[in-house]
Amino acid sequence: MMKKNTLYPIGCIIMASGNALRFGSNKLLTSFNGQPLIQHILDITGGLFIKRVVVTRYDKIAQICQRQAIPYILHNKPYLNDTIRLGMAYLEPQNPLGYLFCTSDQPFLQQDSLRQLCASFLSAPYAIERLAYGSSPGNPMLFPQDLAEELKSLPQDKGGSAIAKKYPERVRLVQVQDKYELFDIDTVRDLRQGLNLAAARYSEQ
């Protein structure tokens, strides 16, 4: 078991380039409990990894990162595979043992779950690790170094799930304690549901 102040030998790519077409605006800047939705993933990934980077198309997200001294890549590339490739290129000089890909729209994801995901990977660094609730997989996903070239060569409309489907025997599911950790916000309706859930949890404390 790694000490909590030890950095995992893993590179973390925070993906913040989506068009959010179903939401209708940049959902990552939408207020969630008084702060931009993206802030949660920035908070829980801090101090865990040898290197992390936020990959985004948006000036306002770059400004958030800049104010917090979080490395970022601001780009104008159109596709999901561009986000993956740019993030990996930034992390490569650190020679990470694996690459963790985080979405930016999971407001209930817990840092302890990220730690468990990384610990599981370090016990078998050939595996593709992903968080799950029961048999339902979700994000984040963590890929070993030997799949780096395949990740960088993904078709323009494909993400890491395509690699996981190609190598199902290498996929290991790491269980979250709370199914809402995997909850992501794609629509305004999702946002309302998430805010209602957060309010209910706050009232129970």
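Further up the page is the structure itself.
Residues numbered from 1 in each chain as written. Predicted model: local features only at pLDDT ≥ 70, side-chain atom pairs only at ≥ 80, totals over all residues. Heavy atoms only, no water.

> Give a description of the state of the cysteines that names residues and reports values.
Under the criterion given, the structure shown has 0 disulfides. Counting only cysteine sulfurs, Cys 12 is the nearest neighbor of Cys 102, a cysteine outside any disulfide, at a range of 4.0 Å. Of the cysteine sulfurs around Cys 118, a residue in no disulfide, the closest is that of Cys 12, at 8.3 Å. (Disulfide = S-S within 2.5 Å.)

> Tell me about the layout of surface pockets, and name the residues and values.
Of the pockets and cavities examined, the largest pocket occupies roughly 730 Å³. By residue number, the principal contributor to the lining of the largest pocket is strand β8 (residues 136-144), which donates 4 residues. Across the lining of the largest pocket, the residue classes break down as 13 nonpolar, 13 polar and 5 charged. The calculated volume of the second largest pocket comes to roughly 180 Å³. Taken together, Phe 32, Asn 33, Gln 35, Pro 36, Leu 37, Gln 39, His 40, Pro 107, Phe 108, Gln 110, Ala 198 and Arg 201 form the lining of the second largest pocket. Within the residue set of the lining of the second largest pocket, elements represented by two or more residues are β3 (35-36), α1 (39-44) and α7 (188-204). (1 Å grid on protein atoms, 1.4 Å probe; cavity = no way out; pocket = protein on both sides within 12 Å on 5 of 7 lines; lining within 4 Å. Points joined across faces, edges and corners; volume = space filled by probe spheres on them. Helix = DSSP H or I, 4+ residues; strand = E, 2+ residues; numbered from the N terminus. Nonpolar A, V, L, I, M, F, W, Y, C, P; charged D, E, K, R; others polar.)

> So what's going on with the packing of aromatic side chains? Residues and values would help.
All told, the structure shown has 5 aromatic pairs when counted by the stated rule. Here Phe 101 and Phe 143 contribute two aromatic rings whose centre-to-centre distance is 5.9 Å and whose plane-to-plane angle is 70°, an arrangement assigned as edge-to-face. Taken as a pair, Phe 101 in strand β6 (residues 98-102) and Phe 143 in strand β8 lie far apart in primary sequence, 42 residues in all. A single burial state applies to Phe 101 and to Phe 143, both of which are buried. (Phe/Tyr/Trp six-rings, centres within 6.5 Å; stacked < 30°, edge-to-face > 60°. Buried < 20%, exposed > 50% of the residue type's maximum accessible area, 1.4 Å probe, protein only.)

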